[in-house]
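Chain by chain, the residues run as shown.
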Amino acid sequence: MRRLLVTGGAGFIGANFCHYWSAAHPADRVVVLDSLTYAGNLASLAALIDAGRIHFVRGDIGDAERVGALLAAERPDTVVNFAAESHVDRSIEDPAAFLRTNVTGTQVLLEAARRAWGPEAAQRGCRFHHVSTDEVYGSLAPDAAGFTESTPYAPSSPYAASKAAADHLVRAYAHTYRLPCTISNCSNNYGPYQFPEKLLPLCILNLLEGRTLPIYGDGLQIRDWLHVSDHCRAIDLILEKSPPGETWNVGGGTQEPNIIVVGRLCDLIDAAFAADAALARRFPHSPAARGGSGRSLMQHVRDRPGHDRRYAVDSGRIRARLGFQAGTALAAGLEATVHWYLSHEDWWQSVVSGEYRQWYARQYAPQARP
Ligand code: NAD
Ligand code: TYD
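These notes cover the structure that comes with them.

Cut-offs and rules
- Residues numbered from 1 in each chain as written.
- Chains lettered and ligands numbered in written order.
- Predicted model: local features only at pLDDT ≥ 70, side-chain atom pairs only at ≥ 80, totals over all residues.
- Heavy atoms only, no water.
- Axes fitted to C-alpha atoms, helices over the stretch in contact; angles between N-to-C directions.
- Helix = DSSP H or I, 4+ residues; strand = E, 2+ residues; numbered from the N terminus.
- Parallel < 35°, antiparallel > 145°, perpendicular 65-115°, else oblique.
- Left-handed = near helix turned anticlockwise from the far one by under 90°.
- Contact = heavy atoms within 4.5 Å.
- Buried < 20%, exposed > 50% of the residue type's maximum accessible area, 1.4 Å probe, protein only.
- Pairing = 2+ DSSP bridges.
- Expected span 1.5 Å × (residues − 1).
- Salt bridge = Lys/Arg side-chain N within 4 Å of Asp/Glu carboxyl O.
- 1 Å grid on protein atoms, 1.4 Å probe; cavity = no way out; pocket = protein on both sides within 12 Å on 5 of 7 lines; lining within 4 Å.
- Points joined across faces, edges and corners; volume = space filled by probe spheres on them.
- Nonpolar A, V, L, I, M, F, W, Y, C, P; charged D, E, K, R; others polar.
- Near = heavy atom within 4 Å.
- Polar contact = N/O pair within 3.5 Å; in protein donor to acceptor, adjacent residues only side chain to side chain.
- Areas by Shrake-Rupley, 256 points an atom, 1.4 Å probe, with all protein chains shown as cover.
- Core = buried A, V, L, I, M, F, W, Y, C linked by side-chain atoms within 4.5 Å.

1. Examining the packing of helix 7 (residues 199-209) against helix 12 (residues 330-343)
Next, step 1: It is the contact of helix 7 with helix 12, at a shortest axis distance of 11 Å, that shows an interaxial angle of 55°. Compared by their axis directions, helix 7 and helix 12 come out oblique. Like other packed secondary-structure pairs, helix 7 and helix 12 cross with a definite hand, here right-handed. Here Leu200, Pro201, Ile204, Leu205 and Leu208 of helix 7 come into contact with helix 12, specifically with Leu334, Thr337, Val338, Tyr341 and Leu342.

2. What about the pairing of strand 8 (residues 213-216)?
The two faces of the sheet receive side chains in turn, since in a regular strand these alternate between them.
Next, step 1: Where burial is concerned, the two faces of strand 8 agree: the one with Leu213 and Ile215 and the one with Pro214 and Tyr216 are both buried.
Next, step 2: Bridge count between strand 8 and strand 13 (residues 298-301): 4 bridges; the pairing is parallel. Each residue of the ladder has a partner; that of Leu213, found in strand 13, is Met298.

3. Things to note about helix 8 (residues 228-241)
Next, step 1: Relative to the 20 Å expected for 14 residues at 1.5 Å per residue, helix 8 spans 20 Å between its end C-alpha atoms, a close match to the ideal helical length.
Next, step 2: Most of helix 8 sits inside the fold, with 10 of its 14 residues counted as buried.
Next, step 3: Turning to helix 8, its buried residues are Val228, Asp230, His231, Cys232, Ala234, Ile235, Asp236, Leu237, Ile238 and Leu239.

4. Focus: the pattern of salt bridges
Next, step 1: On inspection of all chains with the given rule, the structure shows 18 salt bridges.
Next, step 2: For Glu240, the salt bridge is made with Arg2, and the minimal N-O distance between the two is 3.7 Å. Taken together, the positions of Glu240 in helix 8 and Arg2 in the segment before strand 1 (3-7) put the pair 238 residues apart, joining distant regions of the chain.
Next, step 3: Note that Arg309 and Asp218 form a salt bridge whose closest N and O atoms lie 2.7 Å from each other. Taken together, the residues span a long stretch of sequence, with Arg309 in the loop between strand 13 and helix 11 (316-322) and Asp218 in the loop between strand 8 and strand 9 (222-224) at a distance of 91 residues.

5. Details of the sheet that holds strand 5 (residues 127-133)
Next, step 1: On the basis of which strands lie adjacent, the open sheet formed by 7 strands has the order 3-2-1-4-5-6-11 and parallel pairing. For this open sheet the edge positions go to strand 3 (54-58) and strand 11 (247-250), each flanked by a neighbour on one side alone. The mean angle between the axes of side-by-side strands here comes to 20°, regardless of whether they run parallel or antiparallel.
Next, step 2: Of the pairings in the sheet, the one linking strand 1 to strand 2 (residues 29-34) comprises 5 bridges and is parallel in character.

6. As for empty space enclosed by the protein
Next, step 1: On inspection of all chains with the given rule, the structure shows 1 cavity of 30 Å³ or more.
Next, step 2: If you add up the space inside the largest cavity, you get close to 40 Å³.
Next, step 3: What lines the largest cavity is Ala10, Gly11, Phe12, Ala39, Asn41, Tyr193, Phe195, Trp347 and Val351.
Next, step 4: Looking at the lining of the largest cavity residue by residue, the classes come out as 7 nonpolar, 2 polar and no charged.

7. What to know about the site of ligand 1
Next, step 1: Surrounding ligand 1, one finds 28 residues, the nearest of these being Ile13, Asp34, Ser86, Tyr159 and Lys163.
Next, step 2: Between ligand 1 and the protein, one listed contact pairs an oxygen atom with a backbone N or O atom of Thr37 at 3.0 Å.
Next, step 3: A distance of 3.5 Å separates an oxygen atom of ligand 1 from a polar backbone atom of Val131.
Next, step 4: Within the complex, the protein chains bury 97% of what would otherwise be the 840 Å² of accessible surface of ligand 1.
Next, step 5: Considering each element in turn, the shell around ligand 1 owes the most residues, 3 residues, to strand 5.

8. Regarding helix 5 (residues 95-117)
Next, step 1: Under the 1.5 Å per step criterion, the end-to-end length of helix 5 is 32 Å for 23 residues, consistent within 8% with the ideal 33 Å.
Next, step 2: Positive phi appears at Gly118, one or two residues downstream of helix 5, with a value of about 70°.

9. Digging into the nonpolar core
Next, step 1: In this structure, Ile204, Leu208, Leu265 and Leu334 are the most contacted members of the largest nonpolar core, which totals 41 residues.
Next, step 2: Secondary structure elements with two or more residues in this core: helix 7, strand 8, helix 9 (258-275), helix 12, helix 13 (345-352) and helix 14 (356-363).
Next, step 3: A total of 8 residues in this core trace back to one element, the largest contributor, which is helix 9.
Next, step 4: Formed by 24 residues, the second largest nonpolar core is a distinct cluster that contains Leu33, Val67, Leu71 and Ile183.

Without other data, these values stay purely geometric and don't point to any function.
See below:
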């Protein structure tokens, strides 16, 4: 039986991980530490909290005193660090918040684990797993092979640079203090509970509410889409099977240009409205409610500064050594995701009721993105 501390568990991937873990390992104790930034949402965990399956603590990973006290009280043997500022566009507007949480916060957590676990951490089966991103490797040329674990780091955005710095700190703690750490660098995740600042949920909500679908630049940037449930399974395999000190790349194996992925979402929403007349009454501003196509909302807008052209991950090593294979095909994963948002309107209405509308208006104002 493990005792897990999951940081950032109220965010998109962390919440999916908590649902996954409590179903797969019901005997384990799971404590979530999350400061509930704009991206954290207790509604994503409500069912698990109410059922006593996880225990929620509000706090900042950068607060050494709070983290130290929590480790002393809960005595976790496993830390899974999801907590981060995660949106590239916000990192371009305000890099400092990314350094505070992603770099300093990770170091505070590493130091607290080192002090709590002591020099025998590895022998006692402790593990610090750090969740990172393929963005640390920078942008790939159109015909280049996918990132491997030995691709040199070349981060482009402040977000990617902060994640790269955190990875280096994790490795430094593993090397210097023998802290038993693992790292996973994964590609773009999608699925339930994703905050609608990221491309897919933003477009799904805009399709339902009749807002334009902002395509940065020519829309031919390529991402490697990974369903979040596959990502959670990969982390489980790493915790169960990987020796400490290892890094694992995790990709979905589905590379597609943004404009094609957004087109797929338009077609899925059009088909859902055609199959269910109630949707036109619930979402009267959607083009599909009037028999039109969501594709009419696609609009090219000014490109993101320093926009990485392509990411793709070579998952060969985790497949060969740990037996991981992403099982969700993009078409099926996108369809399931669209249906999740259609059937969880309460969740996303609560999420967009806060500062989201103001942020959205600023971010996508005509003068900001002509
Ligand atoms: P998210 O933005 O949805 O959630 C982040 C969570 O961390 C939120 O609940 C937030 O409240 C919490 N948080 C932020 N600062 C905190 C702090 N100082 N202390 C405690 N909690 C804090 O992010 P996500 O998409 O779920 O990403 C999770 C992790 O996976 C991140 O480390 C991210 O870099 C990494 N990642 C994400 C993707 C992706 O496609 N979403 C891809 C690769 C890697
Ligand atoms: P995003 O979901 O922000 O993830 P990341 O930047 O970490 O890859 O963006 C995915 C891709 O979609 C990226 O190439 C930027 C692009 N994009 C748009 O074209 N329009 C948008 O409104 C957003 C949010 C992203």
